[in-house]
Amino acid sequence: MTDAIHVTDASAPADATGSSALPRFPRGFFFGAATASYQIEGAHDEGGRGPSIWDTYCREPGRVADGATGDVACDHYHRYREDVALLRDLGVDSYRFSIAWPRVQPTGGGKANAEGLDFYDRLVDELLAAGISPAATLYHWDLPQALEDRGGWRVRETAERFADYTRLVVDRLGDRVPRWITLNEPFCSAFVGYAIGRHAPGAREGRGALAAAHHLLVGHGLAVRALREAGVREVGITLNPDRLLPATDSAADLAAVRRAETLHNEVWLDPLFAGRYPAHERETWGESADGSYRREGDLITIAAPLDFVGINYYRPITIADAPHRDADPAARTAVDIGVEESWRQDVRRTTMGWPVVPHTFTDLLVDLDRRYPELPPVVITENGSAEDDSVAEDGQVHDADRVAYLRDHLFALAAAVEAGVDVRGYYVWSLMDNFEWAFGYAKRFGIVRVDYDTLERLPKDSYRWYRDLIRHHKQETQ
Ligand code: IFM
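Notes on the structure follow. What you are looking at is a predicted structure, and each value in this text was computed from that prediction instead of being measured.

### Quick word on the overall build of the protein
Then comes step 1: From N to C terminus, the protein includes 15 helices and 13 strands.
Then comes step 2: The principal-axis extents of the C-alpha atoms in the protein amount to approximately 60 × 55 × 45 Å.
Then comes step 3: Burial statistics for the protein: of 478 residues in total, 62% are counted as buried.
Then comes step 4: Taking all contacts inside the protein whose residues are at least 6 apart in sequence as the whole, residues at least 24 apart take part in 77%.
Then comes step 5: Accessible surface computed for the protein: about 17500 Å², of which carbon and sulfur atoms make up 48%.

Next comes the structure, spelled out in structure tokens:
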């Protein structure tokens, strides 16, 4: 993706910090908010839930900032009614949550733990009573530890178990949940979990991570089949494709972008939407890409037609050519592809250090649309920013930076729609501050503040801004 397409954000107001102008979206476009089980639920040992790889990872010294865990998190398991009330007052059409596999199958197999499913049953009914359409993600990274002990995503059995688990969940909730997402950001599960080791299970492997990527895709395909058999309305997957910008125009940096495209984007997008494995995988991974984990027919399973593709987008990455970290090709992790990744320093950055460059959101969507003619309609399943929020003297959180981030990214999204990309809806990440994986509770992405001492919820200015946007959209399009 070296030929950056720049669609200018013509509809954005000149004053980038003012909040009066609002982006416009077509009739039928929907708005939502997103969360994930391990990040908010807490109640780690209640209702028969078994341990997940994140419970294990958090307990390993030095893995997560401040030794934080998801044991309590936002206590959403007990406070879900209050959270649904916040969603109702926000006016969202849909709420994207994830189901904790270890609540449903505490050891990753066998019959369903009824108490685990009961929780999601209550949540779904509460959402429907509030007029909010539920969107369920089946896997947002909390693999049952028992499955990791048998090889985790490195082995095909996990993909097959994922389909069994999907059947149990859809049997119970399929009559009331219209929108289903198989996996969230398999890039992170495979590469951050099995190659960089910054996510659970904390492995640093080459071939193991590539096998994990493949088995995640097979698991997705098998789950799609199970969801189709259950007759649900909308089925998709959530990816986090990256906008990769070369550090310079040198041939070496452009070749580095080529390799990074394979790692970040094509490993998912090509099998899902072009029915092929990435063309440059050998050049990117060398011998680890031996394909021994692939079987005949897998591509057909993986490329099952979808109703939508979920896209999570936050920031662009700058790519430069660099020496491999490990000189021995056999010992390299899958992410050791001779590339250095960095963040632009010449623009505002969020507390994650992520550069705020809204037009790259437009560029990414337009580019995907052009490169993949078979791409299904797009739903933005996450977008948002972690900011240094504080409670002001008036008792409120005036998170102007987050408001500006959301507004500018929604203008960029509107520009992509204007340019012809079929985008159906947008979920803000996140409804509330939560457990930000290896960063623990140090990074706040919520439009609702969570006081981690009292677990009280406090809507921020960004919550009110988003509520106004939704109201305005409804008034304009009704
Ligand atoms: O918090 C995460 C989420 O779980 C997956 N997408 C990115 C978010 C922010 O890092």
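### Some details on the sheet that holds strand β5 (residues 234-239)
Hydrogen bonds between backbone groups are what pair the strands of a sheet, and the pairing can be parallel or antiparallel.
Then comes step 1: Sheet architecture is closed into a barrel: eight strands sit in the order β1-β2-β3-β4-β5-β7-β10-β11, paired in parallel fashion. Geometrically, the sheet is characterised by an average inter-axis angle of 25 degrees between neighbouring strands, direction not taken into account.
Then comes step 2: Bridge count for strand β3 (residues 133-139) against strand β4 (residues 179-184) is four bridges, and the pairing is parallel. What sits directly across from Ala135, in β4, is Arg179.

### Focus: the packing of aromatic side chains
Then comes step 1: Applying the stated criterion across every chain yields a total of 37 aromatic pairs.
Then comes step 2: Ring centres 6.2 Å apart and planes at 75 degrees place the aromatic pair Tyr139 and Phe162 in the edge-to-face group. Taken together, the positions of Tyr139 in strand β3 and Phe162 in helix α7 (residues 156-173) put the pair 23 residues apart, joining distant regions of the chain.
Then comes step 3: The class for Tyr139 is buried, based on a relative accessible area of 1%.
Then comes step 4: Just above the ring of Phe439 sits the side chain of Arg198; from NZ or CZ to the centre is 5.9 Å.

### Regarding the side chain of Arg449
Then comes step 1: One can find Arg449 in strand β12 (residues 448-450).
Then comes step 2: It turns out Arg449 is buried and unbridged, and the closest side chain with the opposite charge, Asp433, is 4.8 Å from it.
Then comes step 3: With sequence-adjacent residues up to four places away left out, Arg449 is seen in contact with Asp389, Ser390, Val391, Val397, Asp433, Arg444, Glu456, Arg457, Leu458 and Lys460.

### Considerations on the pairing of β3
Then comes step 1: Across the seven residues of β3, six count as buried, placing the element largely inside the fold.
Then comes step 2: Sheet analysis places strand β2 (residues 94-98) next to β3, joined by five bridges and oriented parallel. The residue of β3 that forms the bridge with Arg96 is Ala135.

### Regarding unusual backbone geometry
Trans peptide bonds make up most of the peptide bonds, and negative phi angles are found at most residues other than glycine.
Then comes step 1: The step from Ala200 to Pro201 runs through a cis peptide bond, and the omega angle for that step is 10 degrees.
Then comes step 2: Structurally, Pro201 can be placed in the loop between α8 (186-196) and α9 (207-229).
Then comes step 3: Here Trp429 and Ser430 are connected by a cis peptide whose omega angle stands at 10 degrees.
Then comes step 4: Tracing the backbone through its elements, the reader meets Ser430 in the loop between β11 (423-429) and β12.

### As for the packing of α9 against helix α10 (residues 251-273)
Then comes step 1: It is at 11 Å that the axes of α9 and α10 come closest, and there the two elements cross at 35 degrees. Considering how the two elements wind past one another, α9 and α10 form a crossing that is right-handed. Packed against α9, whose contacting residues are Ala213, Leu217 and His220, the element α10 presents Val267, Trp268, Pro271 and Leu272 at the interface.
Then comes step 2: Considering only residue class, the contact of α9 with α10 consists of six nonpolar, one polar and no charged.

### Quick notes on the pattern of salt bridges
Then comes step 1: Following the criterion strictly, the structure yields 47 salt bridges and no others.
Then comes step 2: One network of salt bridges, in which partners are shared, links Asp118, Asp121, Asp125, Arg172, Asp175 and Arg176.

The rules behind each value
Residues numbered from 1 in each chain as written. Predicted model: local features only at pLDDT ≥ 70, side-chain atom pairs only at ≥ 80, totals over all residues. Heavy atoms only, no water. Helix = DSSP H or I, 4+ residues; strand = E, 2+ residues; numbered from the N terminus. Buried < 20%, exposed > 50% of the residue type's maximum accessible area, 1.4 Å probe, protein only. Contact = heavy atoms within 4.5 Å. Areas by Shrake-Rupley, 256 points an atom, 1.4 Å probe, with all protein chains shown as cover. Pairing = 2+ DSSP bridges. Axes fitted to C-alpha atoms, helices over the stretch in contact; angles between N-to-C directions. Phe/Tyr/Trp six-rings, centres within 6.5 Å; stacked < 30°, edge-to-face > 60°. Lys NZ or Arg CZ within 6 Å of the ring centre and 35° of its normal. Lys, Arg positive; Asp, Glu negative; His and termini not counted. Salt bridge = Lys/Arg side-chain N within 4 Å of Asp/Glu carboxyl O. Left-handed = near helix turned anticlockwise from the far one by under 90°. Nonpolar A, V, L, I, M, F, W, Y, C, P; charged D, E, K, R; others polar.

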